[in-house]
Amino acid sequence: MKQFLVVEDNYDIANLVSMHLQDLGAEVQLASDGNVGLALAQKKRFDLIILDLMLPGIDGLEICRRLRGSNNNTPILMLTAKSAELDRVVGLEMGADDYLPKPFSVRELVARAKAILRRAETRDTPSATTEELRTGELLLDQSKRHVAIAGKVIDLTAREFDLLWHFATHPGQVFTRSQLLDSVWGYGHDGYEHTVNSHINRLRSKIENDPSSPTYILTVWGVGYKFSDQLSDT
């Protein structure tokens, strides 16, 4: 049985979310305070944490930062009542796997939760396909989720790694933003294409010598993005 943790201080929202997650056959634990939520997440292994941004005690960003800082890679779906894109970007930078702005439909939350779980299961399942990839000065190790450029280790969030691996294993193939949402995020909804743009911009800032003139992830104007197929393995 899947184990979910919902850290949300709004009683009605927490119970509504819990009820629908239980319909997935999951056992759900609730916490209405940031400190309590962090303690539970550190003490017990969960398959998914649904984390509100604004909480009494410590906020969701700090919880996310501390968990990722201690190598706790439990998937995190962050809820935010704020409309500012900056708050969402910061949450993703801290290592959240996805975010959902309030007000949200419970149906969409359940769909996002399912998508995150599918990605986690795929990531944790041994594969007979290539686990290590070298192209140009870039080295990716899927099993260790390790990335290095010219021998220098690059720190990526889980989603950034998934996005880079998807690109690198399909060199030369052009992807629209919607296709990337479907393949990497596990869902495709109009209006979320800016999420792809934000991730690619941050990914370029980490792996490109000059993000304004990228070598690896190229823009195909009017269509989307592709990974260069003009690099030689080293």
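Structure's up top.
This structure is a prediction, so every number in the text was calculated from the model and none was measured. (Residues numbered from 1 in each chain as written. Predicted model: local features only at pLDDT ≥ 70, side-chain atom pairs only at ≥ 80, totals over all residues. Heavy atoms only, no water.)

A word on the packing of aromatic side chains. Enumeration over the complete set of coordinates arrives at 3 aromatic pairs. On the numbers, 6.2 Å between centres and 15° between planes, the contact of Phe161 with Trp165 is stacked. Separated by 4 residues within a single helix, Phe161 and Trp165 lie in helix α6 (residues 158–168), roughly one turn from each other. Assigned by exposure class, Phe161 and Trp165 land together as buried. Pairing Tyr216 with Phe227 gives two aromatic rings, centres 6.0 Å apart and planes at 35°, and the pair type is tilted. Placement of Tyr216 in the loop between α8 (193–207) and β10 (217–220) and of Phe227 in strand β11 (residues 224–227) is noted, with a sequence separation of 11 residues between them. (Phe/Tyr/Trp six-rings, centres within 6.5 Å; stacked < 30°, edge-to-face > 60°. Helix = DSSP H or I, 4+ residues; strand = E, 2+ residues; numbered from the N terminus. Buried < 20%, exposed > 50% of the residue type's maximum accessible area, 1.4 Å probe, protein only.)

Moving on, we come to the environment of Gly60. Of note, Gly60 is situated in helix α3 (residues 60–69). Along the backbone, Gly60 and Val7 are 53 residues apart, and their C-alpha atoms lie at a distance of 8.4 Å. Ignoring anything within four residues of it in the chain, the contact list for Gly60 reads Leu51, Asp52, Leu53, Leu55 and Met78. (Contact = heavy atoms within 4.5 Å.)

Examined bridge by bridge, β10 and β11 share 4 bridges and lie antiparallel to one another. Pairing of Thr219 across the sheet is with Tyr225, part of β11. Taken together, β10 and the strand that follows it, β11, pair antiparallel across an intervening segment of 3 residues, in which Gly222 is found at a positive phi of about 80°. (Pairing = 2+ DSSP bridges.)

This next bit is on the nonpolar core. Leu164, Phe167 and Ile217 are the most contacted members of the largest nonpolar core, which has 25 residues in total. Put simply, the parts of the chain that give this core at least two residues each are β7 (138–141), β8 (146–149), α6, α7 (177–185), α8 and β11. For this core, the element with the most residues is α6, which contributes 6 residues. Phe167 has contacts with Phe175, Leu180, Ile200, Ile217, Tyr225, Lys226 and Phe227, leaving out every residue within four places of it along the chain. Listed in part, the 20 residues of the second largest apolar core include Leu5, Ala31, Leu53 and Cys64. (Core = buried A, V, L, I, M, F, W, Y, C linked by side-chain atoms within 4.5 Å.)

The subject of this paragraph is the pairing of strand β2 (residues 27–31). Two faces make up the sheet, and in a regular strand the side chains alternate between them. For strand β1 (residues 3–7) and β2, the ladder comprises 5 bridges, and the chain directions are parallel. Residue Val6 lies in a different strand from β2, and its bridge partner there is Leu30. Assessed by its sense of winding, the connection that carries the chain from β1 through helix α1 (residues 11–22) to β2 is right-handed. (Right-handed = clockwise from strand over helix to strand, strands pointing away.)

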